[in-house]
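Here are the chains, one letter per residue:
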Amino acid sequence: MHYPVVVVGAGPAGLFLARLLAADGLDVAVLEEHASVGKPEHCTGLFSPRVLRLAGVSPVIKGFTGAVFHGPDGKTLTIQGREIKAYVVDRVRFDRELAGLAAKEGAHIHLETGVREARREGGEWVISTEKGEFRADILIGADGAGSAVRRMASIPCPAKTISTVQAEASLHVDDVHVFLGSFARGFFGWAVPHHEGMAKVGVGVPNGNALTAFDALLKRIRDELGDARILSIRTWTIPVGGLERYSFPGGCLVGDAAALAKATTGGGVFTALRSAQLAADAVKGCLRNGKRMVRYDALLKRELLPHVRTHMRLHSLYSGLTERDISYLFSLLSKEENADVVASLGDVDFPLRSIFTLIRREPRLIGFLPKLVKAVR
Ligand SMILES: Cc1cc2nc3c(=O)[nH]c(=O)nc-3n(C[C@H](O)[C@H](O)[C@H](O)COP(=O)(O)OP(=O)(O)OC[C@H]3O[C@@H](n4cnc5c(N)ncnc54)[C@H](O)[C@@H]3O)c2cc1C
């Protein structure tokens, strides 16, 4: 079977890209190894309103105007804005609705079609799958954290990954809760309300054992929020910080395959969708005007990579903070006179804007400048 474009992976990046290309009249196939889209689920489903606008689907469970941060010493800081800063969505439905829109535009979604190998032959890709051979002019790796396409294109693995453990728990919470401390140095633990009486609780660690961190998180949740009964549990990794390159002859990588998730929060759906938009431009330029796929690297460099780097620097800065530093930050941010600016924090996609506003208001934060400089170097 020959298609002008074959996309490996039916996650948000692959499905959105397939929809954009199919809407432009291109014949696109999406190859997905699992029997259904959206499963197994590996996401908390906390998205900024920007993500839902971009995706054009919104299986929203609940909206949040803020979050409760739990410091290392158990003190809490509530950041509460006026507008909705984030929605928790049903991630399985999110992916399935994206698949529905892609199929409606004419994309062919092949399930249980895991890609085993891909090779270049006479200017086209020959892709071996569980269901036989596919041929394509352009091959897209939208196959997530452990991308096989990245390996086949000989692009080195991302420099950094966040190891995570997330569970579904019966836990009654109304707000998003974030737990900070040395149990998850450089990242954090979370408890996010989902369907009635249920929450997603999880933890990420850049280095170290996420299962040990998860035990520590559960203890804190039980001490600070109440009893949580674990119903199911899953480990996963989030690649962050980008790659050496993103395109290869006749193809490119999008979303988690390209390690574009935010190193600060692990959120990767915004960058998955945005990278799919940029890849769609590059693919059309390649097929219609003979431009090279390397143009995708230039588009990423201009649009997304500066933000990917900013999140890496903030992540390095945060990783260098001790529990004492975090408690000190809590005390500064808890001051009454900072309430309005703290309330305006929370653009999780572009955090620098909020941070600069905060430093202008609370110059004592300059005390953290040496750590910031060290992180940026
Ligand atoms: C615990 C956890 C919580 C998270 N929470 C959030 C959050 O709240 N908000 C947020 O924005 N992001 C979150 N993320 C990150 C987010 O889930 C990812 O960034 C996002 O799913 C990336 O989308 P993608 O399409 O690039 O990859 P994926 O969603 O991983 O999709 C890749 C697809 O490729 C398929 N595939 C893989 N290999 C093959 C193969 N060889 N052949 C065929 N198919 C293949 C997979 O089955 C999968 O369907 C979280 C991640 C984790 C681990």
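Just so it is clear, the model here is predicted, and its values are computed rather than measured. (Residues numbered from 1 in each chain as written. Predicted model: local features only at pLDDT ≥ 70, side-chain atom pairs only at ≥ 80, totals over all residues. Heavy atoms only, no water.)

## A look at the overall build of the chain
Cut-off, in case you're wondering: Labels follow the DSSP assignment, with helices taken as runs of H or I lasting at least four residues and strands as runs of E lasting at least two, numbered in each case from the N terminus. Just to be clear, the radius of gyration here is over C-alpha atoms, and the globule rule we use is 2.2 Å times residues to the power 0.38. Contacts are assigned to residue pairs that have any heavy atoms within 4.5 Å of one another. For the area figures, the Shrake-Rupley method with a 1.4 Å probe applies, and any residue is considered shielded solely by the protein chains shown.
Counting its regular elements, the chain contains 12 helices and 18 strands. By the compact-globule yardstick of 21 Å for 377 residues, the chain fits well, its C-alpha radius of gyration being 21 Å. Sequence-distant contacts, at least 24 apart, represent 70% of the contacts inside the chain between residues at least 6 apart. Summing over all exposed atoms, the chain offers an accessible surface of approximately 16,600 Å²; the carbon and sulfur share of this is 52%.

## Some points on the site of the ligand
Counted only if it meets this: Note on terminology: near, applied to a residue and a molecule or strand, indicates that one of the residue's heavy atoms is within 4 Å of it. Under the rule applied, a polar contact is a pair of N or O atoms within 3.5 Å (in protein, one hydrogen donor and one hydrogen acceptor; residues adjacent in sequence only if both atoms are side-chain atoms). As a working rule, the residues Ala, Val, Leu, Ile, Met, Phe, Trp, Tyr, Cys and Pro are called nonpolar, Asp, Glu, Lys and Arg charged, and the rest polar, with Gly in that last group. Domain boundaries shown here were taken from an automatic or database domain assignment.
If you check the shell around the ligand, you find 34 residues, and the closest are E32, H34, L46, V115 and D256. Note that an oxygen atom of the ligand is positioned 2.6 Å from one of the side-chain N or O atoms of E32. Between an oxygen atom of the ligand and a main-chain N or O atom of V269, the distance comes to 3.1 Å. Starting from 1,000 Å² of accessible surface for the ligand in isolation, the protein chains cover 91%. When grouped by side-chain class, the residues that make up the shell around the ligand number 14 nonpolar, 15 polar and five charged. Residues from two domains meet in the shell around the ligand; each of domain 1 (2–45 + 90–158 + 241–303) and domain 2 (62–88 + 160–239) gives at least three.

## Topic: the sheet that holds strand β4 (residues 60–64)
Stated formally: We call two strands paired when DSSP finds no fewer than two bridges between them.
Read across the sheet, three strands follow the order β3-β7-β4 without closing on themselves; strand pairing throughout is antiparallel. At either end of the open sheet lies a strand with only one pairing partner, and these are β3 (46–47) and β4. Two elements, β4 and strand β7 (residues 86–89), share four bridges in a ladder whose sense is antiparallel. In the strand pairing of β7, F64 is matched with A86.

## Focus on the packing of helix α7 (residues 295–303) against helix α8 (residues 305–319)
Under the convention used in this document: Helix axes are fitted only over the stretch in contact, all axes being lines through C-alpha atoms; the angle between N-to-C directions runs from 0 to 180 degrees. What sets the label is the angle itself: under 35 degrees gives roughly parallel, over 145 gives roughly antiparallel, 65 to 115 gives roughly perpendicular, and the rest give oblique.
Closest axis-to-axis distance for the α7/α8 pair is 4 Å, and the angle between their directions is 55°. The orientation of α7 with respect to α8, classified from their angle, is oblique. Along its contact with α7, which presents L300, K301, R302 and E303, the element α8 presents L305, P306 and H307. Broken down by class, the residue content of the contact of α7 with α8 amounts to three nonpolar, one polar and three charged.

## Considering the pairing of β7
Here β3 pairs with β7 via two bridges, running antiparallel. Looking across to β7, one finds that F47 is bridged to Y87.

## Overview of the nonpolar core
Test applied: Side-chain atoms within 4.5 Å link the members of a nonpolar core, which is a set of buried Ala, Val, Leu, Ile, Met, Phe, Trp, Tyr and Cys residues. Think of it in three bands: residues with accessible area under 20% of the maximum for their type are buried, residues over 50% are exposed, and the middle band is partly exposed, with areas taken using a 1.4 Å probe on protein chains only.
Counting 74 residues, the largest nonpolar core has V6, F94, I127, I140 and Y296 as its most contacted members. Element by element, the count of residues in this core is highest for helix α6 (residues 269–289), at 11 residues. If near-sequence neighbours (up to four positions away) are discounted, I140 is found in contact with V5, V6, V7, V8, L17, V149, C252, V254 and V283. Counting residues in each nonpolar core, the second largest holds 23 residues, with F64, I79, W190 and I238 among its members.

## A closer look at the sheet that holds strand β13 (residues 176–179)
Across the sheet, which stays open at both edges, the seven strands sit in the order β6-β5-β13-β14-β15-β12-β16 with mixed pairing between neighbours. The sheet terminates laterally at β6 (76–80) and β16 (229–240), the two strands that pair on one side only. This sheet shows a mean twist of 20° between the axes of neighbouring strands, independent of strand direction. Examined bridge by bridge, strand β5 (residues 66–70) and β13 share four bridges and lie parallel to one another. Each bridged residue has a counterpart across the sheet, and for H70 the counterpart in β13 is F179.

## Thoughts on the pattern of salt bridges
What counts here: Any carboxyl oxygen of Asp or Glu within 4 Å of a side-chain nitrogen of Lys or Arg constitutes a salt bridge here.
Counted under the stated rule, the structure contains 14 salt bridges. A salt bridge links E41 to K200; the shortest N-O distance between them is 2.7 Å. Here K200 lies in strand β15 (residues 198–205) and E41 lies in the loop between β2 (28–31) and β3, a separation of 159 residues in the sequence. The residue E133 makes a salt bridge to R135 at a minimum N-O spacing of 3.8 Å. The partly exposed category is assigned to E133, whose relative accessible area is 41%. Since its relative accessible area comes to 26%, R135 is described here as partly exposed. Residues joined by salt bridges that share partners form a network here, namely R119, E121, E124, E133 and R135.

## Side note on the environment of E32
Position of E32 relative to the elements: it lies in the loop between β2 and β3. The class for E32 is buried, based on a relative accessible area of 10%. Taking the C-alpha atoms as reference points, E32 and L111, separated by 79 residues in sequence, lie 4.9 Å from one another. Those residues within four positions of E32 in sequence are excluded, and the remaining contacts are G9, A10, H110, L111, E112, T113 and G114.

## Notes on the pairing of strand β12 (residues 160–170)
As judged from the 11 bridges shared by β12 and β16, these two strands associate in the antiparallel manner. The partner of I162 across the bridge, within β16, is I238.

## Section: the state of the cysteines
Put simply, the rule reads: Cysteine sulfur pairs qualify as disulfides if the two atoms are within 2.5 Å.
Under the criterion given, the structure shown has zero disulfides. A disulfide-free cysteine, C157 has its sulfur positioned 18 Å from the sulfur of C252, the nearest such atom.

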